[in-house]
Amino acid sequence: MLPFLLLASRAEDAAADDEYAAYLRYGGLEERELRRIRLEAAPLPELDLSRYSGVIVGGSPFTSSDPEEGKSPVQHRVERELSGLLDELVARDFPFLGACYGVGTLGRHQGAVIDRTFGEPLAAVEISLTGAGLQDPLLQGMPPAFTAFAGHKEACSTLPGHAVLLARSAACPVQMFRIRNNLYATQFHPELDAEGLVTRIDIYRHAGYFPPESAEELMADARKFTVTEPMNILRNFVARYAA
């Protein structure tokens, strides 16, 4: 099979490697089946999409709705490269799954309003599928409601008319959407289980996402939940698009 491509942008090696391992584990993939490019480390090389089954964008420290003058040169480059790639992906309706940062990238590219209106603190949230979500092949076998881990400064407050809303939560009206037939974005993390979240809390305790003194409490709260359903999205993505 042709490999999938993971575009990552976490600067911390431990976080980047844990994220990659999660996509391997829950996608049912071997390392040769998931190529990783770390966008924060170097410019995106020229890609031949015919050599890949699909493209995955992982979470990111970047916030797309931040004022342009406050973004670092690396963030400007990454956003420019992803926007250019999305031009081709959308035109070809090429399989794409963006997790968390996918909303800020695919959503912004497609004209969604991305702002801080519906940010969510780091926590387990209940995700509810829409009628369209219940019918979507990427959500096949999913219950109407399930628990997932989320935590984000920005979110989509208004979808463009051509997007299909697939999932929502009480605090965030757009938790998952689809563009055309094969491009998806989730606000929650389909790759993240409790221990994965604990790892990220530990790594990012001094990164400004939450008060450092709350890290132990956040870890304890994460371990109260057994999160298994969101990973079906990764398995379905791989099963549907493996070429």
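Topic: helix α6 (residues 215–222)
Since one α-helical turn is 3.6 residues long, residues separated by three or four positions face the same way.
Now for step 1: Within α6, the full set of buried residues consists of Ala-215, Leu-218, Met-219 and Ala-222. Projected down its long axis, α6 carries its buried residues within an arc of 100°, all on one side.
Now for step 2: Contacts made by the buried residues of α6 are with β6 (120–129), β7 (145–152) and α5 (194–203).

Looking at the side chain of Gln-75
Now for step 1: Counting through the fold element by element, Gln-75 comes out in helix α2 (residues 73–92).
Now for step 2: Residues within four places of Gln-75 in sequence aside, it is in contact with Phe-62, Thr-63 and Ser-64.

Here's the deal with the packing of aromatic side chains
Now for step 1: Per the counting criterion, the structure on display carries four aromatic pairs.
Now for step 2: Ring plane angle 75° and centroid distance 5.8 Å describe the contact between Phe-146 and Phe-188, whose orientation is recorded as edge-to-face. You can see Phe-146 sitting in strand β7 and its partner Phe-188 sitting in the loop between β11 (183–186) and α5, a full 42 residues away along the chain. Here the two residues Phe-146 and Phe-188 agree in accessibility, since each one is buried.
Now for step 3: Linked through ring pairs, Phe-4, Phe-237 and Tyr-241 together constitute an aromatic cluster.
Now for step 4: The positively charged end of Arg-36 is found above the aromatic ring belonging to Tyr-20, 4.9 Å away from the centroid.

Some words on the pattern of salt bridges
Now for step 1: Applying the stated rule across the entire model yields 19 salt bridges.
Now for step 2: Among the ionic pairs, Glu-40 bridges to Arg-38, the shortest N-O distance being 2.9 Å.
Now for step 3: For the salt bridge of Glu-68 with Arg-108, the shortest nitrogen-to-oxygen distance reads 2.9 Å. Of this pair, Glu-68 sits in the loop between β3 (55–57) and α2 while Arg-108 sits in helix α3 (residues 101–109); the two residues are 40 residues apart in sequence, bridging distant segments of the chain.
Now for step 4: Here the salt bridges share partners, and the residues they tie into one network are Glu-68, Lys-71, Glu-79 and Arg-108.

Reading guide: rules and limits
- Residues numbered from 1 in each chain as written.
- Predicted model: local features only at pLDDT ≥ 70, side-chain atom pairs only at ≥ 80, totals over all residues.
- Heavy atoms only, no water.
- Buried < 20%, exposed > 50% of the residue type's maximum accessible area, 1.4 Å probe, protein only.
- Helix = DSSP H or I, 4+ residues; strand = E, 2+ residues; numbered from the N terminus.
- Arc of directions from axis to C-beta.
- Contact = heavy atoms within 4.5 Å.
- Phe/Tyr/Trp six-rings, centres within 6.5 Å; stacked < 30°, edge-to-face > 60°.
- Lys NZ or Arg CZ within 6 Å of the ring centre and 35° of its normal.
- Salt bridge = Lys/Arg side-chain N within 4 Å of Asp/Glu carboxyl O.

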